[in-house]
Amino acid sequence: PFRISEGVAILTGLSATDETVFAASLLSQKLNEAFGATVPIVNQAGDADRLIVIGRPGECSELDTDHLQCPLGPESYALKVEESHVHLLAESRRGLVYGVETLLQLIQDVGGEPTARACLVEDTPRLEYRGVHLFVPARDQIDFTKRLIRHLLVPMKLNTIFLELAGGMRFDRRPEISEAWENNNRLAAEGKSNKVPGHHELCGGGWITKDEVKDLVDYARAYGIEVIPEIQSLSHVEYLTMTYPEIAEKEEDDRFPDSYCPLHPDSHKIIFDMIDEVLELLHPLPYLHMGHDEVYTMAECPRCKGKSRDELFSQYVNVIYDYLKEKGVGMMIWADMLQPWQSYSGENAASMIPKDILLLEFVWYFRTWMDTEDHLLENGFEVILGNCYSSHFTRYEKRSSKEGVIGAQVSVWAGTN
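Treat the numbers as computed from the prediction; the structure is a model and nothing was measured.

(A) Representation of the overall build of the protein in the model. When you go through the protein residue by residue, the secondary structure sums to 11 helices and 17 strands. The C-alpha atoms of the protein give a radius of gyration of 24 Å, which matches the 22 Å a tight globule of 417 residues would have. Based on the C-alpha atoms only, the size of the protein along its principal axes is roughly 80 × 45 × 40 Å. Out of the 417 residues belonging to the protein, those deemed buried represent 57%. Only carbon and sulfur atoms are counted for the fraction: they give 49% of the accessible area of the protein, which is about 17300 Å². Side chains of the protein give 39 positive and 66 negative charges; the mean places of these two sets differ by 3 Å.

As structure tokens, then:
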């Protein structure tokens, strides 16, 4: 085994990239946190008796002479542990970070000395997206969220956070959204209103600034985690209908309306303003998650009456899709409105929207005996298994191996705290 004792150092090589330096620093810090070991980082082999060598191809001669080869893929790594050395080779930031985490998981305390057994690990992910859905945290929970990323999500090799913003991020062009969000959550918490906003746990019922959101996203990206923001739209939009009651699909007295009119011109203006600010803040982004799940209230206002759910849903999806495409960003939505067996869905909507929209298959305890993703795959979509709990997605290994299923996402529908 390789023993981490006096005389051990981490070698990055003279031409180490920022990605390699970050991974080496992460390993050094976590060895100290977990085992109290002080392992310095050096860039020449003669500076230590035994070495943990980290790098990308071509960065360090010690790695090149070890004949290590990474499996194919941008997140792959090869890790070789021997008595005299540890060599970690990866193509990317994610691969380097994952290799570091695997090494840390191999280390055990043996007689007071951190020790890793000799082995060769060649690892590559099966699924492109491995994510978790989180509400944006309150200000006093940002540090907790960073610890959650560093000590849980990264060691689990999750690579995506789907971050729901709603009223929890203050939009410069529309500050009234976060003000209404905070005020109505406060009134409900004080018992002065029986209207409790949906997802009121988000951001602790308050809001944080765009700079604070950007700082959190940058922190996650440093560890190789992509953050896909969610702008909940069309449904679950109490945060908007409490701010702009004129756009609500249906007036309600006992609670805030849960959907807005997809044909109201102001609905588009509001969402477009929010999209623009998010893209300006967090560019570049591969996708924006636009929600669109559980649209229970449709075709009830004067503009929408007489129109089918298929027509209304697909028309609105296409408007948002076209706007995002102009910006060079992909669209992602929940998939339940495309499932013909859902009582509230658009039965034929799956055939009426672009096939490059990425779908999060939405399953609670509906039809656990059924491979519900098949309808989406047969219509030409790529699918992420959303709300991915074993009780919901029975036969997971088989279903997640289908062509067109490119990931899975666990959802946390509680405050990030």
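(B) Geometry of the environment of Val329. Secondary-structure assignment places Val329 in the loop between α9 (309-326) and β14 (330-334). Along the chain, Val329 and Tyr287 lie 42 residues apart, while their C-alpha atoms are 5.4 Å from each other. Contact partners of Val329, with chain neighbours within four places excluded, come to Leu279, Leu285, Pro286, Tyr287, Leu288 and Leu324.

(C) Representation of helix α8 (residues 265-282) within the structure. Across its 18 residues, α8 extends 26 Å between first and last C-alpha, which sits within 8% of the 26 Å expected from 1.5 Å per residue. Within α8, 13 of the 18 residues are buried, leaving the element largely enclosed by the surrounding structure.

(D) Up close: unusual backbone geometry. Note that the residue after His283, namely Pro284, is joined by a cis bond; omega there is 0°. As for its placement among the helices and strands, Pro284 is situated in the loop between α8 and β13 (287-291). One non-glycine residue, Leu234, lies in positive phi territory at about 75°. Secondary-structure assignment places Leu234 in the loop between β12 (226-233) and α7 (238-241). With a relative accessible area of 1%, Leu234 lands in the buried category.

(E) Region of interest: the sheet that holds strand β2 (residues 8-11). Taken in spatial order, the 6 strands line up as β3-β2-β4-β6-β5-β9 in an open sheet, and their pairing is mixed. Only two strands of the sheet have a single partner each, and these edge strands are β3 (41-42) and β9 (119-123). Across the sheet, helix α1 (residues 18-35) touches β2, β3 and β4 (50-55), and the angle it forms with β4 is around 140°. Relative to the sheet, helix α3 (residues 93-106) contacts β4, β5 (77-81), β6 (85-90) and β9, its axis offset from that of β5 by approximately 35°.

(F) Representation of the pairing of β2. Side chains Val8 and Ile10 of β2 all project onto a buried face; the interleaved residues Ala9 and Leu11 project onto the opposite face, where all are buried too. Where β2 and β4 come together, 4 bridges link them in parallel fashion. Paired with Leu11 across the two strands is Val53, which belongs to β4. Across 2 bridges, the pairing between β2 and β3 is parallel. Bridging across to β3, Ile10 finds its partner in Ile41. Handedness of the β2-α1-β3 crossover: right-handed.

Procedures and definitions
- Residues numbered from 1 in each chain as written.
- Predicted model: local features only at pLDDT ≥ 70, side-chain atom pairs only at ≥ 80, totals over all residues.
- Heavy atoms only, no water.
- Helix = DSSP H or I, 4+ residues; strand = E, 2+ residues; numbered from the N terminus.
- Rg over C-alpha atoms; globule rule 2.2 N^0.38 Å.
- Buried < 20%, exposed > 50% of the residue type's maximum accessible area, 1.4 Å probe, protein only.
- Areas by Shrake-Rupley, 256 points an atom, 1.4 Å probe, with all protein chains shown as cover.
- Lys, Arg positive; Asp, Glu negative; His and termini not counted.
- Charge placed at Lys NZ, Arg CZ, Asp CG, Glu CD.
- Contact = heavy atoms within 4.5 Å.
- Expected span 1.5 Å × (residues − 1).
- Pairing = 2+ DSSP bridges.
- Axes fitted to C-alpha atoms, helices over the stretch in contact; angles between N-to-C directions.
- Right-handed = clockwise from strand over helix to strand, strands pointing away.

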